[in-house]
Amino acid sequence: MMQLSEIFIYPVKSLRGVSLNSAKVESRGLAYDRRWMIVADGGETFFTQREFPEMALLTTELTDNHLIIRHSSKTLEALQIPLEMPKNGASLLVRIWDDTCQAITVSPKADAWLSEALGTPCQLVYMPDDSRRATDPKYSQDGDIVSFADGYPFLVIGQTSLDDLNKRLPEPVGIERFRPNFVFTGGAAYEEDHWKQFTIGNLNFRGVKKCARCQLTTVNPETGKFGKEPLRTLGQYRLEGHKILFGMNAIWDINNKIEPIIKIGDQINVLASTDTP
(Lines give C-alpha, C1' and ligand atoms only; values in the text may rest on other atoms or scores of the structure.)
Protein backbone atom coordinates (compact mmCIF):
# COMPACT_ATOMS: atom_id res chain seq x y z
CA MET A 1 0.00 0.00 0.00
CA MET A 2 1.24 3.47 -0.86
CA GLN A 3 0.60 6.35 1.53
CA LEU A 4 1.30 10.06 1.56
CA SER A 5 4.13 10.49 4.07
CA GLU A 6 5.19 14.13 3.72
CA ILE A 7 3.68 17.36 2.39
CA PHE A 8 5.74 20.45 1.59
CA ILE A 9 5.08 23.94 0.35
CA TYR A 10 7.62 26.60 -0.62
CA PRO A 11 5.87 29.94 -0.07
CA VAL A 12 8.69 32.00 -1.62
CA LYS A 13 10.19 30.50 -4.76
CA SER A 14 13.63 28.98 -4.02
CA LEU A 15 13.61 29.69 -0.28
CA ARG A 16 13.36 26.81 2.21
CA GLY A 17 10.06 25.01 2.41
CA VAL A 18 7.50 24.28 5.11
CA SER A 19 6.46 20.78 6.18
CA LEU A 20 2.71 20.37 6.73
CA ASN A 21 0.39 17.72 8.12
CA SER A 22 -2.41 18.70 5.74
CA ALA A 23 -2.91 21.18 2.92
CA LYS A 24 -5.57 22.65 0.71
CA VAL A 25 -5.25 21.73 -2.96
CA GLU A 26 -5.79 24.55 -5.48
CA SER A 27 -5.59 24.55 -9.25
CA ARG A 28 -2.23 26.35 -9.31
CA GLY A 29 -0.72 24.25 -6.48
CA LEU A 30 -1.06 23.79 -2.75
CA ALA A 31 -2.33 26.82 -0.86
CA TYR A 32 0.46 29.42 -0.42
CA ASP A 33 2.93 27.36 -2.47
CA ARG A 34 5.25 29.62 -4.49
CA ARG A 35 2.84 32.54 -4.45
CA TRP A 36 5.78 34.88 -3.65
CA MET A 37 8.93 35.37 -5.70
CA ILE A 38 12.07 37.52 -5.50
CA VAL A 39 12.81 39.58 -8.60
CA ALA A 40 15.08 42.34 -9.88
CA ASP A 41 15.29 44.63 -12.90
CA GLY A 42 11.64 45.63 -12.64
CA GLY A 43 10.49 42.00 -12.79
CA GLU A 44 12.66 40.92 -15.73
CA THR A 45 14.92 38.73 -13.56
CA PHE A 46 13.72 36.19 -11.00
CA PHE A 47 15.97 34.81 -8.27
CA THR A 48 16.60 31.11 -7.59
CA GLN A 49 19.29 29.09 -5.86
CA ARG A 50 20.78 28.40 -9.28
CA GLU A 51 22.26 31.89 -9.27
CA PHE A 52 21.95 32.69 -5.55
CA PRO A 53 22.63 29.48 -3.59
CA GLU A 54 22.56 31.50 -0.35
CA MET A 55 18.77 31.61 -0.74
CA ALA A 56 18.87 28.15 0.86
CA LEU A 57 19.70 29.89 4.14
CA LEU A 58 16.38 31.77 4.21
CA THR A 59 13.72 29.83 6.11
CA THR A 60 9.96 30.25 5.83
CA GLU A 61 7.17 29.67 8.32
CA LEU A 62 3.41 30.12 8.21
CA THR A 63 1.31 31.35 11.09
CA ASP A 64 -2.45 31.89 10.98
CA ASN A 65 -1.99 35.34 9.49
CA HIS A 66 1.61 35.77 8.37
CA LEU A 67 4.45 34.39 6.31
CA ILE A 68 7.65 34.72 8.33
CA ILE A 69 11.10 34.72 6.72
CA ARG A 70 14.31 34.34 8.72
CA HIS A 71 17.99 34.13 7.84
CA SER A 72 19.53 31.04 9.38
CA SER A 73 22.99 32.62 9.86
CA LYS A 74 22.71 36.43 9.68
CA THR A 75 21.39 38.31 12.71
CA LEU A 76 18.41 39.89 11.02
CA GLU A 77 15.06 40.46 12.68
CA ALA A 78 12.44 38.13 11.19
CA LEU A 79 10.42 39.54 8.29
CA GLN A 80 6.64 39.22 8.67
CA ILE A 81 4.38 39.40 5.60
CA PRO A 82 0.57 39.25 5.75
CA LEU A 83 -0.85 36.13 4.11
CA GLU A 84 -3.76 38.18 2.82
CA MET A 85 -2.11 40.67 0.52
CA PRO A 86 -3.63 44.17 0.16
CA LYS A 87 -5.68 44.65 -2.98
CA ASN A 88 -3.95 47.94 -3.76
CA GLY A 89 -0.40 46.67 -4.26
CA ALA A 90 1.44 48.08 -7.27
CA SER A 91 1.04 45.85 -10.32
CA LEU A 92 4.20 44.50 -11.94
CA LEU A 93 4.64 42.28 -14.99
CA VAL A 94 7.23 39.63 -14.11
CA ARG A 95 9.11 37.12 -16.20
CA ILE A 96 9.65 33.51 -15.19
CA TRP A 97 11.42 31.36 -17.76
CA ASP A 98 9.52 31.88 -21.03
CA ASP A 99 6.38 33.16 -19.30
CA THR A 100 5.26 36.59 -18.23
CA CYS A 101 2.49 37.08 -15.71
CA GLN A 102 0.99 39.72 -13.50
CA ALA A 103 2.20 40.16 -9.93
CA ILE A 104 1.89 42.79 -7.22
CA THR A 105 4.70 44.27 -5.14
CA VAL A 106 4.67 43.39 -1.44
CA SER A 107 6.29 46.28 0.46
CA PRO A 108 9.42 48.46 0.57
CA LYS A 109 10.21 46.86 3.96
CA ALA A 110 10.26 43.37 2.43
CA ASP A 111 12.42 44.61 -0.46
CA ALA A 112 14.94 46.20 1.92
CA TRP A 113 15.08 43.10 4.16
CA LEU A 114 15.68 40.69 1.29
CA SER A 115 18.18 43.01 -0.38
CA GLU A 116 20.21 43.03 2.85
CA ALA A 117 19.82 39.29 3.37
CA LEU A 118 20.99 38.43 -0.15
CA GLY A 119 23.45 41.28 -0.58
CA THR A 120 21.92 42.56 -3.80
CA PRO A 121 18.99 44.84 -4.69
CA CYS A 122 15.74 42.92 -5.19
CA GLN A 123 11.97 43.04 -4.75
CA LEU A 124 9.40 40.64 -3.35
CA VAL A 125 6.28 40.11 -5.45
CA TYR A 126 3.08 38.14 -4.97
CA MET A 127 0.87 36.31 -7.48
CA PRO A 128 -2.74 37.43 -6.90
CA ASP A 129 -5.69 35.14 -7.51
CA ASP A 130 -6.60 36.86 -10.78
CA SER A 131 -3.15 36.29 -12.28
CA ARG A 132 -3.19 33.34 -14.68
CA ARG A 133 0.01 31.57 -15.72
CA ALA A 134 -0.68 28.59 -17.97
CA THR A 135 1.26 25.34 -17.83
CA ASP A 136 3.00 24.02 -20.95
CA PRO A 137 0.18 23.12 -23.36
CA LYS A 138 2.16 20.11 -24.65
CA TYR A 139 1.59 18.39 -21.32
CA SER A 140 -1.60 20.05 -20.11
CA GLN A 141 -5.27 20.66 -20.69
CA ASP A 142 -7.01 23.96 -21.32
CA GLY A 143 -7.31 25.90 -18.09
CA ASP A 144 -4.37 24.27 -16.27
CA ILE A 145 -2.43 26.95 -14.39
CA VAL A 146 0.57 27.15 -12.10
CA SER A 147 2.04 29.48 -9.49
CA PHE A 148 5.66 30.71 -9.63
CA ALA A 149 6.81 27.06 -9.58
CA ASP A 150 9.13 26.16 -12.44
CA GLY A 151 6.49 24.51 -14.59
CA TYR A 152 3.72 22.52 -12.90
CA PRO A 153 1.58 22.76 -9.76
CA PHE A 154 2.74 19.58 -7.97
CA LEU A 155 5.83 17.40 -7.73
CA VAL A 156 5.64 13.81 -6.44
CA ILE A 157 8.60 11.69 -5.29
CA GLY A 158 8.62 8.24 -3.71
CA GLN A 159 10.61 7.69 -0.53
CA THR A 160 11.76 4.41 -2.11
CA SER A 161 13.23 6.39 -5.01
CA LEU A 162 15.21 8.60 -2.62
CA ASP A 163 16.35 5.54 -0.67
CA ASP A 164 17.63 3.95 -3.87
CA LEU A 165 19.53 7.10 -4.79
CA ASN A 166 21.06 7.36 -1.33
CA LYS A 167 22.40 3.82 -1.58
CA ARG A 168 24.42 4.99 -4.59
CA LEU A 169 25.70 8.25 -3.09
CA PRO A 170 28.93 8.63 -1.08
CA GLU A 171 26.84 10.58 1.48
CA PRO A 172 23.03 10.49 1.65
CA VAL A 173 20.95 13.59 0.93
CA GLY A 174 17.57 14.65 2.24
CA ILE A 175 14.38 14.98 0.23
CA GLU A 176 14.58 18.77 0.60
CA ARG A 177 17.19 18.82 -2.17
CA PHE A 178 14.41 17.97 -4.65
CA ARG A 179 11.68 20.30 -3.36
CA PRO A 180 8.69 17.93 -3.75
CA ASN A 181 5.15 18.72 -2.66
CA PHE A 182 4.20 15.09 -2.04
CA VAL A 183 6.37 12.26 -0.74
CA PHE A 184 4.95 8.76 -0.44
CA THR A 185 5.97 5.45 1.08
CA GLY A 186 5.45 2.03 -0.45
CA GLY A 187 5.78 0.94 -4.06
CA ALA A 188 8.87 0.36 -6.18
CA ALA A 189 11.70 2.83 -6.70
CA TYR A 190 10.87 5.34 -9.46
CA GLU A 191 7.41 3.95 -10.01
CA GLU A 192 6.08 7.52 -10.03
CA ASP A 193 7.81 7.82 -13.43
CA HIS A 194 4.93 5.84 -14.90
CA TRP A 195 1.90 7.42 -13.28
CA LYS A 196 -0.66 8.94 -15.63
CA GLN A 197 -3.68 9.08 -13.34
CA PHE A 198 -3.64 8.62 -9.57
CA THR A 199 -5.51 9.56 -6.44
CA ILE A 200 -4.31 10.93 -3.12
CA GLY A 201 -7.12 10.33 -0.68
CA ASN A 202 -10.22 11.23 -2.72
CA LEU A 203 -8.53 13.71 -5.06
CA ASN A 204 -7.59 12.89 -8.66
CA PHE A 205 -4.27 13.91 -10.20
CA ARG A 206 -2.61 13.55 -13.58
CA GLY A 207 1.08 12.71 -13.88
CA VAL A 208 2.19 14.84 -16.82
CA LYS A 209 5.97 15.00 -17.11
CA LYS A 210 9.02 13.62 -15.34
CA CYS A 211 10.96 16.37 -13.61
CA ALA A 212 14.28 17.43 -15.13
CA ARG A 213 16.82 18.28 -12.45
CA CYS A 214 19.49 21.00 -12.38
CA GLN A 215 22.36 22.22 -10.21
CA LEU A 216 19.90 23.51 -7.61
CA THR A 217 19.84 19.94 -6.23
CA THR A 218 23.55 20.28 -5.44
CA VAL A 219 23.08 23.23 -3.05
CA ASN A 220 23.72 22.16 0.54
CA PRO A 221 20.74 23.56 2.48
CA GLU A 222 22.84 23.96 5.63
CA THR A 223 25.66 25.96 4.03
CA GLY A 224 24.13 27.53 0.92
CA LYS A 225 27.09 26.23 -1.13
CA PHE A 226 27.21 24.23 -4.37
CA GLY A 227 28.56 20.68 -4.46
CA LYS A 228 28.61 17.94 -7.10
CA GLU A 229 26.09 15.50 -5.67
CA PRO A 230 23.47 14.18 -6.08
CA LEU A 231 23.43 15.37 -9.70
CA ARG A 232 26.64 13.58 -10.64
CA THR A 233 25.35 10.21 -9.44
CA LEU A 234 21.86 10.73 -10.88
CA GLY A 235 23.49 11.44 -14.23
CA GLN A 236 24.96 7.95 -14.24
CA TYR A 237 21.58 6.19 -14.27
CA ARG A 238 18.73 8.70 -14.63
CA LEU A 239 19.77 10.39 -17.87
CA GLU A 240 17.19 10.49 -20.67
CA GLY A 241 18.35 12.40 -23.71
CA HIS A 242 20.19 15.35 -22.23
CA LYS A 243 18.08 15.58 -19.06
CA ILE A 244 18.52 14.07 -15.62
CA LEU A 245 15.09 13.06 -14.31
CA PHE A 246 13.87 12.55 -10.75
CA GLY A 247 10.24 12.89 -9.65
CA MET A 248 6.93 13.34 -11.48
CA ASN A 249 5.19 16.63 -12.17
CA ALA A 250 1.44 16.49 -11.65
CA ILE A 251 -1.76 18.49 -12.14
CA TRP A 252 -4.95 18.28 -10.08
CA ASP A 253 -8.13 17.21 -11.86
CA ILE A 254 -10.50 19.83 -10.50
CA ASN A 255 -13.62 17.82 -11.40
CA ASN A 256 -13.63 16.49 -7.86
CA LYS A 257 -16.78 17.63 -6.07
CA ILE A 258 -15.37 17.28 -2.57
CA GLU A 259 -13.36 19.50 -0.24
CA PRO A 260 -9.84 19.57 -1.71
CA ILE A 261 -7.84 18.72 1.39
CA ILE A 262 -5.01 16.19 1.54
CA LYS A 263 -3.31 14.94 4.70
CA ILE A 264 -0.41 12.75 5.71
CA GLY A 265 -1.54 9.12 5.76
CA ASP A 266 -3.85 9.47 2.76
CA GLN A 267 -3.78 6.38 0.58
CA ILE A 268 -2.41 6.68 -2.96
CA ASN A 269 -3.91 4.61 -5.77
CA VAL A 270 -2.64 4.50 -9.34
CA LEU A 271 -5.52 4.44 -11.83
CA ALA A 272 -3.54 4.50 -15.08
CA SER A 273 0.14 4.19 -15.86
CA THR A 274 2.60 3.57 -18.67
CA ASP A 275 4.77 0.44 -18.72
CA THR A 276 5.22 -1.16 -15.31
CA PRO A 277 8.50 0.02 -13.74
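Preceding this section is the structure that the text describes.
In this report, the structure presented in the accompanying data block is examined. What you see as residue numbers is a count from 1 along each chain, following the sequence as written. Per-residue local features are limited, in this predicted model, to residues with pLDDT of at least 70; the limit for side-chain atom pairs, both in listing and counting, is 80 or more; totals at the level of whole chains, interfaces and linings are taken over all residues. Side-chain figures throughout are based on the complete set of non-hydrogen atoms in the structure, without hydrogens or water.

## Description of the overall build of the chain
Logical step 1: Across its full length, the chain holds 3 helices and 22 strands.
Logical step 2: Every radius of gyration here is taken over C-alpha atoms, with the globule rule written as 2.2 Å times N^0.38, N being the number of residues. What you see for the chain is a C-alpha radius of gyration of 18 Å, in line with the 19 Å of a compact globule of 277 residues.
Logical step 3: Dimensions along the principal axes, computed over C-alpha positions, put the chain at roughly 50 × 45 × 35 Å.
Logical step 4: The buried share of the chain, taken over its 277 residues, is 53%.
Logical step 5: Contacts are residue-level and defined by heavy atoms, with any inter-residue pair within 4.5 Å sufficient. Taking contacts inside the chain between residues at least 6 apart in sequence as the whole, the part at least 24 apart equals 69%.
Logical step 6: Carbon and sulfur atoms form 48% of the exposed surface of the chain, whose accessible area is close to 13000 Å².
Logical step 7: Here the positive residues are Lys and Arg and the negative ones are Asp and Glu; neither His nor the chain ends is included. Charged groups are reduced to one reference atom each: NZ for lysine, CZ for arginine, CG for aspartic acid, CD for glutamic acid. Of the side-chain charges in the chain, 31 are positive and 35 negative, and the distance between the mean point of each set is 2 Å. Numbered from the N terminus, helices here are DSSP runs of H or I no shorter than four residues, and strands are runs of E no shorter than two. Per-residue accessibility, obtained with a 1.4 Å probe over protein chains only, is compared with the maximum for each type, and a residue is labelled buried under 20%, exposed over 50%, and partly exposed between these values. In short, Shrake-Rupley with a 1.4 Å probe defines the accessible areas, and a residue's cover is counted only from the protein chains shown.

## Some words on the pattern of salt bridges
Logical step 1: Throughout this description, the term salt bridge denotes a Lys or Arg side-chain nitrogen within 4 Å of a carboxyl oxygen of Asp or Glu. Applying the stated rule across the entire model yields 15 salt bridges.
Logical step 2: A salt bridge links E44 to R95, with the nearest nitrogen and oxygen atoms 3.3 Å apart. Pair noted here: E44 is in the loop between β5 (36-40) and β6 (45-46) and R95 is in strand β10 (residues 91-96), with a separation of 51 residues, a long-range link.
Logical step 3: Salt bridges sharing partners connect three or more residues here, namely K13, R50 and D150.

## Observations concerning helix α1 (residues 108-118)
Logical step 1: All buried positions along α1 are accounted for by A110, D111, W113, L114, S115, A117 and L118.
Logical step 2: The inward-facing, buried residues of α1 abut β5, β7 (58-62), β8 (66-71), β9 (79-82) and β12 (123-126).
Logical step 3: Positive backbone phi, approximately 75°, marks G119, located one or two places after α1.

## Here's the deal with the sheet that holds β10
Logical step 1: Here, a strand pair is defined by DSSP locating no fewer than two bridges between the strands. The antiparallel open sheet is built from 5 strands, whose spatial order is β6-β5-β12-β11-β10. Two strands close off the open sheet at either side, each with one partner strand: β6 and β10.
Logical step 2: Pairing geometry for β5 and β12, over 4 bridges, is antiparallel. If you follow M37 over to β12, its bridge partner there is V125.

## Side note on the pairing of β9
Logical step 1: Alternating residues of β9 divide into L79 and I81, all buried, and Q80 and P82, none buried.
Logical step 2: Where β8 and β9 come together, 4 bridges link them in antiparallel fashion. Each bridged residue has a counterpart across the sheet, and for H66 the counterpart in β9 is P82.

## Details of helix α2 (residues 159-168)
Logical step 1: By the burial criterion, the buried members of α2 are S161, L162, D164, L165 and N166.
Logical step 2: Of the surrounding secondary structure, the elements contacted by the buried residues of α2 are β13 (154-158), α3 (231-237) and β20 (243-252).

## Focus on the packing of aromatic side chains
Logical step 1: Aromatic pairing here means that ring centres of Phe, Tyr or Trp (its six-membered ring) are within 6.5 Å. Orientation follows from the plane angle: under 30 degrees is stacked, over 60 is edge-to-face, and everything else is tilted. In this structure the tally under the stated criterion is 12 aromatic pairs.
Logical step 2: Geometrically, the ring pair formed by F154 and F182 is stacked, given 5.5 Å between the ring centres and 15° between the ring planes. With F154 in strand β13 and F182 in strand β14 (residues 182-185), the pair connects residues that are 28 residues apart, well separated along the chain. With respect to class, F154 is no different from F182; both count as buried.
Logical step 3: Grouped by ring-pair contacts, the aromatic residues F154, F182, F184, W195, F198 and F205 constitute a single cluster.
Logical step 4: By definition here, charges over rings are those cases where NZ of Lys or CZ of Arg is within 6 Å of the ring centre and within 35 degrees of the ring normal. Note that R168 overlies the ring of Y237, its terminal NZ or CZ placed 3.7 Å from the centroid.

## Some details on the environment of T218
Logical step 1: Mapped onto the elements, T218 comes out in the loop between β16 (203-213) and β17 (219-220).
Logical step 2: Note: C-alpha distance between T218 and G42 (176 residues apart in sequence) is 29 Å.
Logical step 3: Excluding residues that lie within four positions of it along the chain, T218 makes contacts with R177, K225, F226, G227, K228, E229, P230 and L231.

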